[in-house]
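Structural characterization, general
Each chain, written out:
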Amino acid sequence: MTAVCVLAAALGPAACAAGSDPAATPATTAAPSPSPGSPGFFGGTDIAWVEITIAMDEELLPLLALVPANGSDSGLKALSAEVTSAHERELTTLRGLHDQARLPAENPHKGMPMPGMVTPEQVTTAAATRGKAFDDLVRGHIEAHLRQGLRLAESERKSGVEPQTRSLADEVLRSRKTYLTRLGKGT
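Analysis parameters
- Residues numbered from 1 in each chain as written.
- Predicted model: local features only at pLDDT ≥ 70, side-chain atom pairs only at ≥ 80, totals over all residues.
- Heavy atoms only, no water.
- Axes fitted to C-alpha atoms, helices over the stretch in contact; angles between N-to-C directions.
- Helix = DSSP H or I, 4+ residues; strand = E, 2+ residues; numbered from the N terminus.
- Parallel < 35°, antiparallel > 145°, perpendicular 65-115°, else oblique.
- Contact = heavy atoms within 4.5 Å.
- Nonpolar A, V, L, I, M, F, W, Y, C, P; charged D, E, K, R; others polar.
- Expected span 1.5 Å × (residues − 1).
- Core = buried A, V, L, I, M, F, W, Y, C linked by side-chain atoms within 4.5 Å.
- Buried < 20%, exposed > 50% of the residue type's maximum accessible area, 1.4 Å probe, protein only.
- Bend = angle between axes of the 7 residues up to and from the residue.

A few words now on the packing of helix α3 (residues 74-100) against helix α6 (residues 163-184). It is at 11 Å that the axes of α3 and α6 come closest, and there the two elements cross at 170°. Our classification of the angle between α3 and α6 gives roughly antiparallel. Two secondary-structure elements touch here, α3 through L76, L79, E82, V83, A86, H87, E90, T93, L94, L97 and Q100 and α6 through Q164, T165, L168, V172, S175, R176, Y179, R182 and L183. Split by residue class, the contact of α3 with α6 holds 10 nonpolar, six polar and four charged.

And the structure:
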């Protein structure tokens, strides 16, 4: 499934949830709503990208936490520490955007089966694996996560309208490309 299809599929629930539940969006009378293209105006692609990227990043972190104890490749250990740090910073920004967009606390994309999403079962399998087999397994999951992150960020850059979100997508594109290059060199 392409990133555009994933975002298109995600837009339906996100758009419906934002438009059909008046309790989900607190009414404000003091300030006018932001206009399209201005900070704080989140289009459907922006909302879907924020929610999906939060879910993907959150699901990757437990896998990366296993690398120091289970891995044998020092380069992979260093790369996973950098990816962990970058994703934690990214999550802070994403959660800020999530709150600014007044999205519901429950993420509809958490645990969604899609390319690049690390599953609890994959983490369990990795936890029972050691050495080179672990390194190979984790390298494959990281690569899939990074590639899907690129696709999704490219969709946000193409169709997103909220400037802060588009700027973060630019950062995600740069970091994912850098990590994929390093991963391809065997770290």
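We are not done yet, so read on.
Look at α3: 39 Å from first C-alpha to last across 27 residues, which is about the 39 Å you get at 1.5 Å a residue. Two residues or fewer past α3, R102 is found with a positive phi of approximately 60°.

Here the focus is the nonpolar core. One recurring pattern in soluble globular proteins: nonpolar side chains tend to sit buried together. Counting 41 residues, the largest nonpolar core has W49, V50, L63, L94 and I142 as its most contacted members. Looking at this core, the elements with two or more residues in it are α2 (44-70), α3, α4 (120-127), α5 (131-159) and α6. Counting residues per element, this core draws most heavily on α2, at 13 residues. Apart from the residues lying within four places of it in its own chain, the contact partners of V50 are L94, L97, H98, L103 and T165.

Next up on the list: α2. For α2, spanning 27 residues, the distance from its first C-alpha to its last is 40 Å, which sits close to the expected 39 Å at 1.5 Å a residue. Its axis deflected by about 30° at L61, α2 carries its strongest bend there, up to four residues before the proline P62. Burial analysis of α2 places 21 of its 27 residues in the buried class, the great majority of the element.

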